[in-house]
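# Inside the fold
What follows is each chain in one-letter form.
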Amino acid sequence: AAAAMACLVTVGSTKFEALTQHLDDNASEFLDILEKELGTVKKLYFQYGKTTQNFDTLRKLCKERKVQFEAFEFTPKFKEILAASSLVISHAGAGSITETLHLKKPLLVVVNETLMDNHQIELAEAMCSEGYLFWTNVKGVLEKLSTSNFRKLKPYPKPDAKAFAVLLDKELGFVDET
Amino acid sequence: KSEKRRSGEKLNTLVVLGSGGHTSEMMTLLSHMDSKNYSPITYMVADTDRHSVTKVKLLRDDAKTSRFVTIPRSREVHMSWGLTVLMTIKALVACIAKIPTLAPDLILVNGPGTCIPVVLAAWFWKFFGLVQCRIVFVESFCRVKSLSMSGKIAYFLSDTFIVQWPMLLERYPKAKYVGKLC
């Protein structure tokens, strides 16, 4: 609903101080860009997992701008919050990405470059080249937010894993292969 | 290639669960499988895994009639490779002991480190003809251009190897691709 513009930032169960610190350090610009992108922002959610962050600046500015700010490690209401969000900024975990796209939410993926084996970039890149999301590293978050046209994103067709079951039946001999 | 099943035949299925994303993907895979063909299901988890069993019991109707078995965990995140090898051997020994008693017809795995000792043990018993089972490996949705470590090992040990991105077929031609599954 256009009434309650909400932005959700989610890092799954990971530690992603680089992202949360960057957004807190640039809180003013971040909120400005969100407002430009979403219209009046009423709610800002941070699901921070194992990240250590106090969000001092963001809390202060949100209070000043009358933006409801909520930060939580995890929440049993994640699906509801996700459903109520107008824009999602997520770490590059496959689960977070697919969960967001299944609900057809505009998504900006941020890869964590401090991770050793960063195969997560592969998924973000591939999904971006198919037009389902935008992606960036932490340094480029604000620029990507302000220059990306989220309206151009294609809705993600939720795959039918039935094809797996059909293949499995065939491989295991449950289907006549003549 | 695969033996044709008798009418009404059911396959005793061993499913290996891993942390977080792996379990979620596995639940998706299982949800489309015909329970008439794959039953009973035994779920195998690492002894340090607290969440996977809860997820299964929440999402699966057959959880009440399924068995849950634990094995030692092979690797914790950031564990040194030396310690990883020792832990993997410990897990491998446990699996070698357990697999013949579970006697699975099908082992279904999707990539967590936990699954490698299971796949190795099953392959070990198959090699000596004591166990007849098919090993099916489904690589994770997040693997687009490269396989996970488990995938690289399982590629040689599994009977069916499934990937979710077509680019992987170029480097791994024995793999099968039926589109994205997540």
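Attention here is on the structure that accompanies the text. Note that the structure is predicted; figures quoted are calculated from it, not measured. (Residues numbered from 1 in each chain as written. Chains lettered and ligands numbered in written order. Predicted model: local features only at pLDDT ≥ 70, side-chain atom pairs only at ≥ 80, totals over all residues. Heavy atoms only, no water.)

## Thoughts on the overall build of chain B
For chain B, the helix and strand inventory stands at six helices and seven strands. Element order for chain B, N to C, with α for helix and β for strand: β-α-β-α-β-α-β-α-β-α-β-α-β. Compactness check: chain B gives a C-alpha radius of gyration of 16 Å against a globular reference of 16 Å for 182 residues, within 12% of the reference. In terms of its C-alpha atoms, chain B occupies a principal-axis envelope of roughly 50 × 40 × 35 Å. Accessible area for chain B stands at about 8,800 Å²; split by element, carbon and sulfur atoms hold 60% of it. On chain B, the mean spot of the 25 positive side-chain charges and the mean spot of the 13 negative ones are 2 Å from each other. (Helix = DSSP H or I, 4+ residues; strand = E, 2+ residues; numbered from the N terminus. Rg over C-alpha atoms; globule rule 2.2 N^0.38 Å. Areas by Shrake-Rupley, 256 points an atom, 1.4 Å probe, with all protein chains shown as cover. Lys, Arg positive; Asp, Glu negative; His and termini not counted. Charge placed at Lys NZ, Arg CZ, Asp CG, Glu CD.)

## Section: the pattern of salt bridges
Under the criterion given, the structure shown has twelve salt bridges over all chains. We note a salt bridge from Glu37 of chain A to Arg151 of chain A, for which the minimum N-O separation is 4.0 Å. Of this pair, Glu37 of chain A sits in helix H2 (residues 27–38) while Arg151 of chain A sits in the loop between helix H7 (141–147) and helix H8 (162–171); the two residues are 114 residues apart in sequence, bridging distant segments of the chain. Here Arg60 of chain B makes a salt bridge to Asp62 of chain B, at a shortest N to O gap of 2.8 Å. Owing to a relative accessible area of 16%, Arg60 of chain B belongs among the buried residues under this scheme. (Salt bridge = Lys/Arg side-chain N within 4 Å of Asp/Glu carboxyl O. Buried < 20%, exposed > 50% of the residue type's maximum accessible area, 1.4 Å probe, protein only.)

## Concerning the pairing of strand S5 (residues 107–111) of chain A
Residues and elements named next belong to chain A. When you tally the buried positions in S5, you get five out of five residues, the bulk of the element. Residues Leu107, Val109 and Val111 line one face of S5 and the alternating positions Leu108 and Val110 line the opposite face, and both faces are buried. Sheet analysis places strand S4 (residues 87–91) next to S5, joined by four bridges and oriented parallel. Bridge pairing links Ile89 to Leu108 in S5. Handedness of the crossover is the feature at issue here: the chain leaves S4, passes through helix H5 (residues 94–102), returns alongside S5, and the resulting connection is right-handed. Bridge analysis of S5 against strand S6 (residues 134–137) gives four bridges, and the strand direction is parallel. The residue of S6 that forms the bridge with Leu108 is Phe134. Following the backbone out of S5, through helix H6 (residues 120–129) and into the adjacent parallel S6, one traces a crossover that is right-handed. (Pairing = 2+ DSSP bridges. Right-handed = clockwise from strand over helix to strand, strands pointing away.)

## Looking at the packing of helix H4 (residues 115–127) of chain B against helix H5 (residues 149–157) of chain B
Residue and element names in this part refer to chain B. Contact pair H4 / H5: the axes reach a minimum separation of 10 Å and the direction vectors enclose 15°. With respect to H5, the axis of H4 lies roughly parallel. The crossing of H4 and H5 is left-handed. Contacts between H4 and H5 involve Cys115, Ile116, Val119, Leu120 and Trp123 from the first element and Ser150, Ile153, Ala154 and Leu157 from the second. Classifying every residue of the contact of H4 with H5 gives eight nonpolar, one polar and no charged. (Axes fitted to C-alpha atoms, helices over the stretch in contact; angles between N-to-C directions. Parallel < 35°, antiparallel > 145°, perpendicular 65-115°, else oblique. Left-handed = near helix turned anticlockwise from the far one by under 90°. Contact = heavy atoms within 4.5 Å. Nonpolar A, V, L, I, M, F, W, Y, C, P; charged D, E, K, R; others polar.)

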